[in-house]
Amino acid sequence: MSVSTAAVDPSLCAPLPVLGADVTVPLVTGGEVTYAALDYAASAPALRRVWDDVAAYAPYYGSVHRGAGYLSQLSTDLFESSRAAVAEFLGCREGDQVVFTRSTTDSLNLLAAVLPADCRVFVFETEHHASLLPWGDSRVTCLDAPRTPAQAVATLERALADREPYGPALVCVTGASNVTGELWPVRELAAAAHAHGARIVLDAAQLAPHHPVDITELDVDWVAFSGHKLYAPFGSGVLAGRSDWLLEAEPYLAGGGASRSVTRRADGGVDVQWHTTAARHEAGSPNVIGVYAIASACRALTEAGFPALVARERALVDRVRAGLAEVPEVRVLSLFGDDAPRVGVLSFVVEGWNSSHFAAALSAEYGIGVRDGLFCAHPLVRTLLGGEPLEPGECGAPEAGPGEKSLNAIRVSFGAGTPDEHIDRFLGAVRELVGDGARWTYRTEDGRCVPDRGAAQV
């Protein structure tokens, strides 16, 4: 069974067509402008190809793994063929499992739930909270932020060699930082982990939308990523990799779909036989549209060609870095140095500016959407901004503990759907704001920094 899907035009040039490209937003200074979405690291816009595929399937939507009817059977086939498409996209090995989850966060919490009881976990303080927090303090060794890729590998090797007891271990590492965009030495870290009897899971949330991710080539044990960063809406994620720990553990969620057989015992209890496939950890009715959207995005990116996508994005990164370097008041944040390879994610601070105020001005006065804050990577941002505090209570400042000062930054992120004009508008806006100042005053409202329409224009 099949659903007619959108045709791929091999002549398409980057940027890839995305939803929202023609959306206009009002400016506080008057009039409207086409919205420049430069917050891809949080949620990338849906590819038009993905949306068209989902729309083509929507009339045929039915239950999955549950019914004998035609639409149920078609939806089940679509769901399982999507699993195969994701496995191909990731270069999965024979015997690897592809488990569908809600997000990268959900995927890593699932892996945390199936770890052997005596397994130690090693993470760098530079991780996103999704890969820093699921493991529980009692089993985690948190490693200091490295300042070079080689230092990252050496730090991990020492920690793994010195672990006591020398038992099961898991390393969790990002492929590309959601703060700096810098690429991490995944293959070298995987080699270090395996040399010391450990396994490794790759948080590919920021890597998969920008670079090919091949489990076999990188020699990682698992990969986790989210659909909403891969140009696919509807809140689905993936955990793919080795099956043994997944199948030896109790299901992440207990319920229908995860169970193969349930029988009532004479004493009033129940006996359960759980599935020995990915379904073991996919209890409940699955998000078939979200899963299909991920598979469609995987196919679209593959067919567009990662070499061309990577080359164009590298050119955009170079343009942004060069443009920001022309503004002396701007400092781009980096762990590995200004010349470190990175995806389309850059964070920066502007001397003399509150970061939340600056981001609000970009939105209100120029129609540009960026992100400000700590980006769910608080230890990393505080390490990078250690000498530049933002007082609690200032516009956009996050909550701080007693005696603690808050830190804040601005993040611009982009990808396959970003037109050159959006980059040019962003750089022009930065130059104008730094040179001339904001044209409006701003205040905090419901935790957000917004134009103060009751105040006089600056």
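Named according to an unreviewed UniProt entry, the protein chain is Aminotransferase class V-fold PLP-dependent enzyme originating from Streptomyces halstedii. Regarding the protein chain, the relevant UniProt record gives this comment under Cofactor (unreviewed entry): "pyridoxal 5'-phosphate".

Peer 1: How do you make sense of the overall build of the protein chain when you look at a structure like this?
Peer 2: For the protein chain, the helix and strand inventory stands at 13 helices and 19 strands. Its C-alpha radius of gyration of 23 Å places the protein chain within 12% of the 23 Å reference for a compact globule of 458 residues. Along the first, second and third principal axes, the C-alpha atoms of the protein chain reach 75 × 55 × 45 Å. Within the span of the protein chain, comprising 458 residues, buried residues form 54% of the whole. Pairs at least 24 apart in sequence give 69% of the contacts found in the protein chain among residues at least 6 apart. Element-wise, carbon and sulfur atoms account for 51% of the exposed surface of the protein chain, whose accessible area totals about 19,100 Å².

Peer 1: Looking at this structure, how should I read empty space enclosed by the protein?
Peer 2: Using a probe with the size of a water molecule, rolled over the atoms, empty space left in the structure can be pinpointed. Using the criterion set out here, one finds three cavities of 30 Å³ or more in the structure. Taken as a whole, the largest cavity encloses approximately 50 Å³ of empty space. H65, R66, F79, G257, A279, E282, G284 and P286 together form the lining of the largest cavity. By residue class, the composition of the lining of the largest cavity is three nonpolar, three polar and two charged.

Peer 1: Looking at this structure, how should I read the pattern of salt bridges?
Peer 2: Side-chain pairing between opposite charges can occur once the charged atoms of the two side chains come close. Counted under the stated rule, the structure contains 21 salt bridges. Of the charged contacts, one joins R83 and E80 as a salt bridge, the two residues approaching to 2.9 Å between their closest N and O atoms. One end of the pair is R83 and the other is E80, both in helix 2 (residues 70-90) and three residues apart, which spans about a single turn. Assessed through its relative accessible area of 31%, E80 is described here as partly exposed. In this structure, D420 engages R319 in a salt bridge whose closest nitrogen and oxygen atoms are separated by 3.4 Å. Linking D420 in helix 13 (residues 420-436) with R319 in helix 10 (residues 306-325), this pair joins segments that are 101 residues apart in sequence. Taking the relative accessible area as the measure of exposure, R319 reaches 32% and is therefore partly exposed. When salt bridges with common partners are traced through the structure, they connect R312, R319, D420 and D424 into a single cluster.

Peer 1: Is there a simple way to explain the packing of aromatic side chains in this structure?
Peer 2: The geometry of an aromatic ring pair is captured by the separation of the ring centres together with the interplanar angle, meaning the angle of the planes. By the definition in use, this model includes 11 aromatic pairs. Ring geometry for F89 versus F306: centroids 6.2 Å apart, planes at 45 degrees, classification tilted. Here the residue F89 occupies a position in helix 2, and F306 occupies one in helix 10, the gap between them amounting to 217 residues. Here F89 and F306 have matching classes, each one buried. Measuring from centroid to centroid gives 6.1 Å for F348 and F426, while their planes differ by 65 degrees, and the two rings are edge-to-face. You can see F348 sitting in strand 14 (residues 345-350) and its partner F426 sitting in helix 13, a full 78 residues away along the chain. Judged by relative accessible area, F426 falls into the buried class, the value being 0%. By way of ring pairs, the aromatic residues F348, W353, F358 and F426 are connected into one cluster.

Peer 1: Please explain helix 11 (residues 355-366) as it appears in this structure.
Peer 2: Here helix 11 spans 16 Å end to end across 12 residues, near enough to the 16 Å set by a 1.5 Å rise per residue. The element helix 11 is extensively covered by neighbouring structure, given that 10 of its 12 residues are classed as buried. All of the buried residues in helix 11 are S355, S356, F358, A359, A360, A361, L362, A364, E365 and Y366. Within two residues after helix 11, G367 carries a phi angle of roughly 70 degrees, on the positive side.

Peer 1: Would you mind going over the nonpolar core with me for this structure?
Peer 2: One broad trend across soluble globular proteins is that nonpolar side chains are buried collectively. Within the largest apolar cluster, 84 residues are counted, with the highest numbers of intra-cluster contacts made by L90 and F225. Two domains share this core, each providing at least three of its residues, namely domain 1 (24-41 + 305-451) and domain 2 (49-303). Discounting chain neighbours no more than four positions away, the residues touching L90 are V213, D214, I215, V223, F225, V238 and A240. Counting 36 residues, the second-largest nonpolar core is a separate cluster that includes L316, F348, W353 and A361.

Peer 1: Which parts of the structure should I look at to understand the sheet that holds strand 14?
Peer 2: Note on sheets: strands pair through backbone hydrogen bonds, and any given pair is parallel or antiparallel. Pairing within the open sheet is antiparallel, and its four strands lie in the order 13-14-17-16. The open sheet has two edge strands with one neighbour each: strand 13 (330-332) and strand 16 (371-373). Neighbour-to-neighbour, the strand axes of the sheet open up by a mean angle of 30 degrees, direction not taken into account. For strand 14 and strand 17 (residues 409-413), the ladder comprises four bridges, and the chain directions are antiparallel. Its bridge partner lying in strand 17, S347 is registered against R411. Where helix 10 meets the sheet, it contacts strand 13, strand 14 and strand 17, and its direction lies at approximately 10 degrees from that of strand 14.

Peer 1: Help me out: how do you make sense of the layout of surface pockets in this one?
Peer 2: In this model, the largest pocket occupies a volume close to 590 Å³. Taken together, 32 residues make up the lining of the largest pocket; nearest its centre are A359, V370, R371, D372 and G373. Those elements that place two or more of their residues in the lining of the largest pocket are strand 1 (24-26), helix 11, strand 15 (368-369), strand 16 and strand 19 (448-451). Among the elements that line the lining of the largest pocket, the one with the most residues is helix 11, at five residues. Here the residues of the lining of the largest pocket are counted per class, giving 16 nonpolar, 11 polar and five charged. Each of domain 1 (24-41 + 305-451) and domain 2 (49-303) accounts for three or more of the residues forming the lining of the largest pocket.

What counts, and where the lines are drawn
Residues numbered from 1 in each chain as written. Predicted model: local features only at pLDDT ≥ 70, side-chain atom pairs only at ≥ 80, totals over all residues. Heavy atoms only, no water. UniProt positions renumbered as here; feature names shortened; annotations may be inferred. Helix = DSSP H or I, 4+ residues; strand = E, 2+ residues; numbered from the N terminus. Rg over C-alpha atoms; globule rule 2.2 N^0.38 Å. Buried < 20%, exposed > 50% of the residue type's maximum accessible area, 1.4 Å probe, protein only. Contact = heavy atoms within 4.5 Å. Areas by Shrake-Rupley, 256 points an atom, 1.4 Å probe, with all protein chains shown as cover. 1 Å grid on protein atoms, 1.4 Å probe; cavity = no way out; pocket = protein on both sides within 12 Å on 5 of 7 lines; lining within 4 Å. Points joined across faces, edges and corners; volume = space filled by probe spheres on them. Nonpolar A, V, L, I, M, F, W, Y, C, P; charged D, E, K, R; others polar. Salt bridge = Lys/Arg side-chain N within 4 Å of Asp/Glu carboxyl O. Phe/Tyr/Trp six-rings, centres within 6.5 Å; stacked < 30°, edge-to-face > 60°. Expected span 1.5 Å × (residues − 1). Core = buried A, V, L, I, M, F, W, Y, C linked by side-chain atoms within 4.5 Å. Domains from an automatic or database assignment. Pairing = 2+ DSSP bridges. Axes fitted to C-alpha atoms, helices over the stretch in contact; angles between N-to-C directions.

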